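# A structural walkthrough
What follows is the residue order along each chain.
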Amino acid sequence: MHNVVTTSHDLKALLDWYEAMGVDCAVDAAPQDRFAESLRQAQARQKVRPAPESQQNRSSSPQSPSPRPTPAGASNQSHPSSNVAVHNATGAGRPGGLPTNAQGAVENARALALQADSLDQLRQTLAAFEGCSLKFSAKTLVFGDGNPKADVMFIGEAPGRDEDLQGVPFVGRAGQLLDKMMAAVNLDRSNSYITNILPWRPPGNRKPSLDEQTLMQPFIHRHIELVNPKILVFLGGTSAQQLLGSKDGIMRLRGRWRTYSIGGQDKRQRDIPVMSTLHPAFLLRTPAQKRAAWQDLLEVAAKLDALG
């Protein structure tokens with residue numbers, strides 16, 4: 001026998017459960033099978049993806065042994081990121097690249113982002129941008145918060161429910177924890193700047209898709225250039241992987257200094273030190289990992305002192 005909502009008490013309990021699970025907005029009038037949609041997108045990408053050269057020549061040339069990968073070092077040294085290539089190549093950062101129409105969308109986003117000469121202009125550009133479907137399911141544009149001339153810039157994944165309602169990043173429970181973490185190393189929103197790689201909330205707080213991340217990357221890259229901080233802190237695996245061009249998980253990325261490059265072409269290139277750490281939302285679910293995040297913040301504080 002199926003469970004049926006028959007009383008107002010049952011209905012309220014169901015709505016409370018929906019809200020707790022992040023299901024607090026209707027995206028469409030009818031349910032959508034997102035698994036089938038993801039499969040269709042994967043099949044479409046497979047059709048436009050050229051066959052690997054090794055497969056094309058397999059029948060005519062013997063297979064040569066692949067070189068052994070070089071083991072990654074275990075030292076806490078600065079590692080360069082691949083974001084320069086990501087910003088200079090269409091569809092970079094994604095396996096197999098993007099379909100032609102998506103490549104055009106990314107190029108359009110890059111051109112729009114480069115036209116912004118200030119944070120206010122970038123905000124206006126994002127407010128007028130209609131190339132990302134997340135805009136139409138979100139309530140507000142969540143741009144940034146804090147001091148735009150700060151020495152340290154925190155970048156998370158995407159807004160949540162509270163952020164979507166207020167239009168300010170990191171104001172929910174995770175944001176309250178972030179404020180406490182920052183205060184422990186003498187940082188707050190008056191001497192730091194906070195934003196996300198995406199300015200709109202994904203429905204139900206789902207993880208942003210690779211297409212969405214790639215499409216919006218030119219905007220967060222320009223955001224970083226305009227703030228021009230001394231240090232970047234990437235909060236969580238999604239922002240760290242996307243901005244560093246890495247497939248490693250956050251547990252491998254955190255705790256080590258890397259660099260993020262801005263400028264280039266007609267502007268002077270500058271490498272910004274990057275510390276990746278655990279997202280506050282993850283720490284709320286896994287309090288035992290707060291020690292690791294604390295170590296990362298101590299590294300940030302020491303680097304700030306060293307840079308002066």
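Right, let's walk through the structure included here. (Residues numbered from 1 in each chain as written. Predicted model: local features only at pLDDT ≥ 70, side-chain atom pairs only at ≥ 80, totals over all residues. Heavy atoms only, no water.)

A few words on the pattern of salt bridges. Throughout the structure, instances matching the rule amount to nine salt bridges. Residue Asp117 pairs with Arg222 through a salt bridge whose shortest N-O separation is 3.9 Å. A residue pair is termed long-range when its members are at least 10 positions apart, and Asp117 in the loop between helix H5 (100-115) and helix H6 (119-128) and Arg222 in helix H10 (residues 210-227) qualify at 105 residues. As a salt-bridge pair, Asp248 and Arg252 come within 4.0 Å of each other at their nearest N and O atoms. Asp248 sits in the partly exposed class, given a relative accessible area of 29%. (Salt bridge = Lys/Arg side-chain N within 4 Å of Asp/Glu carboxyl O. Helix = DSSP H or I, 4+ residues; strand = E, 2+ residues; numbered from the N terminus. Buried < 20%, exposed > 50% of the residue type's maximum accessible area, 1.4 Å probe, protein only.)

Our next topic: the side chain of Thr238. Relative to the assigned elements, Thr238 resides in helix H11 (residues 237-244). At 2.9 Å, the side chain of Thr238 forms a polar contact with the side chain of Glu157. Those residues in contact with Thr238 that sit more than four places away from it in its chain are Glu157, Ile197, Lys207 and Gln213. (Polar contact = N/O pair within 3.5 Å; in protein donor to acceptor, adjacent residues only side chain to side chain. Contact = heavy atoms within 4.5 Å.)

The next subject is the pairing of strand S5 (residues 231-235). By the criterion of burial, S5 is predominantly enclosed, with five of the five residues buried. Residues Ile231, Val233 and Leu235 of S5 are buried on one face, and the alternating residues Leu232 and Phe234, pointing to the opposite face, are buried as well. The sheet contact formed by strand S3 (residues 152-156) and S5 spans four bridges and is parallel. The partner of Phe154 across the bridge, within S5, is Val233. Across four bridges, S5 lies against strand S7 (residues 267-277) in parallel orientation. The residue bridging Leu232 from the neighbouring strand is Val274, located in S7. (Pairing = 2+ DSSP bridges.)

For the structure on display, the rule yields two aromatic pairs. Each ring, one from Phe234 and one from Tyr260, has its centre 6.3 Å from the other, and the planes form 90°; the classification is edge-to-face. Here Tyr260 lies in strand S6 (residues 257-264) and Phe234 lies in strand S5, a separation of 26 residues in the sequence. Here Phe234 matches Tyr260 in class, with each residue buried. (Phe/Tyr/Trp six-rings, centres within 6.5 Å; stacked < 30°, edge-to-face > 60°.)

So, about the nonpolar core. Counting 60 residues, the largest nonpolar core has Phe154, Ile155, Met216, Leu232 and Phe234 as its most contacted members. Non-local contacts of Met216, meaning those with residues more than four positions away in its chain, are made with Leu126, Phe129, Cys132, Ile197, Leu198, Pro199 and Trp200. (Core = buried A, V, L, I, M, F, W, Y, C linked by side-chain atoms within 4.5 Å.)

Another aspect to go through is H6. An α-helix turns once every 3.6 residues. As a result, residues three or four positions apart point the same way. Those residues of H6 that fall on the buried side of the exposure criterion are Leu119, Leu122, Thr125 and Leu126. Take H6 and look down its axis: the buried residues cluster within an arc of 115°, on one side only. Exposed side chains of H6 directed beyond 90 degrees from the buried face belong to Asp120, Gln124 and Ala128. (Arc of directions from axis to C-beta.)

Here the focus is a nonpolar patch on the surface. Taken together, Leu11, Leu15, Trp17 and Tyr18 make up a surface patch of nonpolar side chains, about 410 Å² in accessible area. For Trp17, the position within the fold is in helix H1 (residues 8-20). (Patch = residues over 30% accessible without salt bridge, like charges linked within 9 Å, V, L, I, M, F, W, Y side chains within 5 Å. Areas by Shrake-Rupley, 256 points an atom, 1.4 Å probe, with all protein chains shown as cover.)

Here the focus is the pairing of strand S4 (residues 192-196). With five of five residues buried, S4 is to be regarded as a mostly interior element. Of the two faces of S4, the one carrying Ser192, Ile194 and Asn196 and the one carrying Tyr193 and Thr195 are both buried. The pairing of strand S2 (residues 145-146) with S4 spans two bridges and is classified as antiparallel. For Gly146, the partnering residue across the bridge sits in S4 and is Tyr193. The sheet contact formed by S3 and S4 spans five bridges and is parallel. From the neighbouring strand, Ile155 faces S4, where its bridge partner is Thr195.

To continue, consider the environment of Thr259. With respect to the element layout, Thr259 can be found in strand S6. Residue Thr259 is classed as buried on the basis of its relative accessible area of 14%. Each C-alpha atom, one on Thr259 and one on Asp271, is 5.6 Å from the other, the two residues being twelve residues apart in sequence.

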